[in-house]
Structures are given as C-alpha cells and as structure tokens.
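Next come the chains, spelled out residue by residue.
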Amino acid sequence: MSRRLLFDQNLSVRLGDSLAGAFPESVHVSSVGLSTAMDVDVLEFALVQGFVVVTKDKDFADLVTARGSGPEILWVMLGNASTDEISKAILAAADSIGQLLDQPETQVVQLFGVAAR
C-alpha cells in the first residue's frame, strides 16, 4: 500500500518531488497552509487526511505516544543529513517502513543510521 507523507517544516520541500515515485500525493506542510501551525494542528490534519508525518522533531513522536493515538510518525533520526541523503534513506527503507506501518500497534517508526558523506 502506498503511503502519503506529510513532511514537517524541519524538512525540505524538495523531498516531496524526490520521493513522488514511491510515495505519490505526498506534500510538505507549507503546501497545505501549515507552515506555522502548532504540532497538534499538524497531527490533526495528518490524521484526518490520512498522512504519515515525516519529521526530525521528537515532539511529534512524544505527542502521539502520550496520547496513544494519532497519525503514524516517521521520525527521521539521521542527524545533519542533506535532503538527498534523507531521500535516499527513506527510499532504501521504504519496504520496511511500510511493513512496520502496516502493524496496527505501530505509531512511530524511527529511521536512523549513519548518513553517507
């Protein structure tokens, strides 16, 4: 199943284009009027619209975990990686990410590793 990703403000708007083949209909918060929205508003939008929130911000994972519900979160833990490195890491892990998100109990998927330079 193809996932629609909602990229948080802390990630580049270019990710939507570079991941469009694997994750069609993915968007950046800035393209849906959420550039300055509070985290809870981004979460609500993602839940209602069926997006997975992609972020480097631990707050999203904390909010969803504390509430016990909400949209799924893809927490990018790659440190100071470039947009291209993040894109490549998401693409390389796309099948695993999908399998984890298919499990009903999964709320947060962490993507981590050493970014290639």
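Quick summary incoming for the structure in this document. (Residues numbered from 1 in each chain as written. Predicted model: local features only at pLDDT ≥ 70, side-chain atom pairs only at ≥ 80, totals over all residues. Heavy atoms only, no water.)

A look at the sheet that holds strand β3 (residues 52–55)
Rule in force here: DSSP bridges decide pairing: two strands pair if at least two such bridges lie between them. Working definition: helices are DSSP H or I runs of at least four residues, strands are E runs of at least two. Numbering for both runs from the N terminus. Whether two residues touch is decided by their heavy atoms; if any such pair falls within 4.5 Å, the residues are in contact. Lines fitted to C-alpha atoms define the axes, with helix axes restricted to the stretch in contact, and inter-axis angles between N-to-C directions lie between 0 and 180 degrees.
Taken in spatial order, the 5 strands line up as β2-β1-β3-β4-β5 in an open sheet, and their pairing is parallel. Only two strands of the sheet have a single partner each, and these edge strands are β2 (27–28) and β5 (108–112). By the bridge criterion, 2 bridges tie strand β1 (residues 5–7) to β2 in an arrangement that is parallel. When the sheet's bridge partners are listed, Leu6 is paired in β2 with Val27. Of the strands in this sheet, β3, β4 (73–77) and β5 touch helix α3 (residues 58–67), which is tilted by about 145 degrees from β4.

With respect to the packing of helix α2 (residues 39–49) against α3
For clarity, the cut-off: If an angle is under 35 degrees, it is roughly parallel; if it is over 145, roughly antiparallel; if it lies from 65 to 115, roughly perpendicular; otherwise it is oblique. Helix crossings get a hand from a simple test, with the near helix turned counterclockwise from the far one by less than a right angle marking a left-handed crossing and a clockwise turn marking a right-handed one.
Following both chains from N to C, one finds α2 and α3 inclined at 70 degrees, their axes separated by 10 Å at the closest point. Taken together, the axes of α2 and α3 lie roughly perpendicular to each other. Both α2 and α3 take part in a crossing whose hand is right-handed. Contacts from Asp39, Val40, Val42 and Leu43 in α2 reach Asp59, Phe60, Leu63, Val64 and Arg67 in α3.

These results come straight from atomic positions and should not be treated as a statement about function.
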